[in-house]
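Architecture at a glance
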Amino acid sequence: MEVDQESPNSVFSLDLLALTNEARNTYGLRHQDYQRYRQYCAQKLRRLHKALNFTNSKGKAFQRKDITEDVLTDVRFLQIILFNTERAWSYAMELKRESRSNGVDTRKKFHLIKRLKKAVKYAQALEILCSTEKGKVDARTVLEAQAYSALMSGFMLFEQQSWQEALDTFAAARTIYEKLSTAGTSHQEALCQAAIDDIDPNIRYCAYKLRLGTDGFQDVDELVKITLGKNKRIGLDLLEAQVEAVLSQTRKEKAAALTSITWRNRVIPLKNPEMAVYILRAQEAAADLDKIENATVDEFFKIDLFDKVLAAYGDAERVAKIAVKEDAAATAKVKSSKSEKNTENINFVYSYLAYHYLSRRIQRNLMLVDSLRSQIEKSESKSVGGKYQEIVKLYDNVLQSLNEISELPATQDNLTLAQETEAKIWYFKASRTFYVGIAYSAHNKPAESMALYQRAREYISKALSLLYKNSSDVEDILIITVNDVNRLDLLIRGYDCRAQAQWHLEQTDDRDIDPETGGLTKKMGELSVNEKTKTREPPLIKRLHEYPTSLSMSDPNLIDFPPKFVPIPAKPLFFDIASNYIEYPPTLAERAGRKKQATQSRFGIFGKMFGWLAHMGRTVQLVMGPAGSGKSTYCATIMTHCQNVGRTVNLFNLDPAAERFEYEPAIDIRDLITLEDVMEELQFGPNGGLIYCLEFLLNNLDWLEGELGEYDDDYLIIDCPGL
């Protein structure tokens, strides 16, 4: 990498992460080839020495040349120290991999630690040359050199199994990289995050060896926070100031590009560079806060972030207020159309900063409200009235902030923003009144509580009327929706019912003094042990319009149980089991003058059929059953089975009312007579027509005998009608 010659007094900038990451990924470490990377580092060092003419002359004795502050006239001298460190580190990692593959090798372990000590020596020399006192490099390079030196020291201490010292140095390096990720380009941020991902496994292993996981500190961020709080030996107390210097430099660079701000669908030019720097600082602090909005972190940590955000917005607001005063003093002397536009823009910027400052302050108070509410829910003590009073005080602060927002110039000029702010005021007034009512209820004052709950619901109706007119800005910091208001209304209604119940019970207790007028004592005296003489009130489900005067957990009397049987209309079931014993009117043949047969089988129609088939010497299967019992399905299954095993089976349909079959019957009574024809010609019903069809078949057995003649030796399945 060729770099132009720098002047002796110039400040260098060396992007250590980008330089080492590119070299490692290009020359071997993408595939964990440490030997190839070490060879590249050696070749790189030779090229740098030759390019800088920093070599020993041929034929002369070797004389060590150290890179000092006086020698440092080119950034490539820093690269020499950097790649010396990388060469020693890569050699150590190569020895570590070989020692793992060959088992425990004490000699290679000793050599590994020796090479890491050399890497630490070079890294510390790089840190000294890049220190703030030397003044040779910029602020970002100072921090990267510190992080790089701490990382190399951590690797050495890790191999020496000095777990606490290794954890301290790894935590320091991670903290620096985490801070640097917020200052710089997106590529620099990605490099810092990649370095953090490489450090985290080492921190977890050190914590495991130190048994820190047993105390519940398993998160890496929590471990780093605890480590930084306990250890100050490597200058961590100065880290925040150094990082802030880097961030200030980055903000100044970004502020030059920040020429306008956009808020509430309005773009305003930003001409004050100092104000732009403060706005960027406030936006960065707000971004850090938004990252942990839904995360489960410590409450004090959130409060600390809120304080940083409020401090940043407060500084920006003060700068904007000074600008407003200076503009007012200037326009008091000379006014013009251009100055009026400039005044409007300055007031808008001031409203933007003040609005965000007050909104973040409201967020902080609401977070504290949630914290107090959770403490009340977890508390088993009944004396929680003081907690509710603290919640009321926090809501007072919220309302004060909202009133200040309503007085901002941008709010008064924007009708939509004014109505949104008014809706929030009514909503938080309802919340405040609600908790005042709970505080009164905790002190056994249900009448006052009910009055306050009713007032809170009036505030809610006003908030809803404003929210229905305007939809909240999705980019707003503090958003109150119709669903939020409805949830609060539902909660207030529940507490109102509870207060009414408490009031009724107290009124009942007052009447206990005079037993003649009623009360709990009198009602308890009216109770009877004998269930037969006891008069029971209707269940609660039948008297919802009345307020229950007495409820018992042992006998709540909510519904009738077991329920009473109630008659319901239903179609009666009909089983035709006496068909064979009913004497029907004379048949058509008897009406026509034919003689009645001498003998009548006591088995009815199917008895005659059985007798005739037995006389014919047939092998048949007669399938009988009531209608819908599955006779046709059974016949189709038997037919399929017989076809699969290669047997010859024929189906005989004896149902004149059948409409379709899965198999085509070989003999079908419908070829002789059908139920539809009988019902149409003779005006019979379904049952009478079916009986007539079967009698007609018995009177024409010669037709059946002719049909069966073609299947003399076959197996027959007769599908009978459902009777």
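Here goes a summary of the coordinates provided. Only a predicted model underlies this, so the values are computations on that prediction, with no experimental measurement involved. (Residues numbered from 1 in each chain as written. Predicted model: local features only at pLDDT ≥ 70, side-chain atom pairs only at ≥ 80, totals over all residues. Heavy atoms only, no water.)

Of note, the phi angle at Q161 is positive, near 60°, even though the residue is not glycine. Looking at the element boundaries, Q161 is found in the loop between α5 (139–159) and α6 (163–180). At N444, a position not held by glycine, the phi torsion is positive, near 60°. Here N444 is to be found in the loop between α15 (415–442) and α16 (446–469). (Helix = DSSP H or I, 4+ residues; strand = E, 2+ residues; numbered from the N terminus.)

Let's shift gears to the packing of α6 against helix α7 (residues 186–209). Axis separation between α6 and α7 bottoms out at 9 Å; the angle between their running directions is 155°. One element, α6, and the other, α7, form an angle in the roughly antiparallel class. The crossing of α6 and α7 is left-handed. On the side of α6, the interface is formed by W163, A166, L167, F170, A171, A173, R174, Y177, E178 and L180, while α7 contributes C192, A195, I196, I199, D200, N202, I203, Y205, C206 and K209. Looking at side-chain class alone, the contact of α6 with α7 contains 15 nonpolar, 1 polar and 4 charged residues. (Axes fitted to C-alpha atoms, helices over the stretch in contact; angles between N-to-C directions. Parallel < 35°, antiparallel > 145°, perpendicular 65-115°, else oblique. Left-handed = near helix turned anticlockwise from the far one by under 90°. Contact = heavy atoms within 4.5 Å. Nonpolar A, V, L, I, M, F, W, Y, C, P; charged D, E, K, R; others polar.)

The end-to-end C-alpha distance of helix α21 (residues 631–645), which contains 15 residues, comes to 21 Å, matching closely the 21 Å that a straight helix rising 1.5 Å per residue would cover. The inward-facing, buried residues of α21 abut β3 (620–623), β4 (649–653) and β6 (715–719). One or two residues past the end of α21 sits G646, with phi positive at roughly 85°. (Expected span 1.5 Å × (residues − 1).)

Once that is clear, we can look at the pairing of strand β2 (residues 266–269). Of the strand pairs in this sheet, strand β1 (residues 260–263) and β2 are connected by 4 bridges, and their pairing is antiparallel. Note that in β2 the partner of W263 across the bridge is R266. Connecting the antiparallel pair β1 and β2 is a turn made up of 2 residues, with R264 showing a positive phi of about 55°. (Pairing = 2+ DSSP bridges.)

Our next topic: the pattern of salt bridges. Close approach of charged atoms allows side chains of opposite charge to pair. If you walk through the whole model with that rule in mind, you get 20 salt bridges. A salt bridge links R76 to D74; the nearest nitrogen and oxygen atoms lie 3.1 Å apart. Both residues of the pair, R76 and D74, belong to the buried class. Several salt bridges converge on common partners, so that one network encompasses K96, K109 and E159. (Salt bridge = Lys/Arg side-chain N within 4 Å of Asp/Glu carboxyl O. Buried < 20%, exposed > 50% of the residue type's maximum accessible area, 1.4 Å probe, protein only.)

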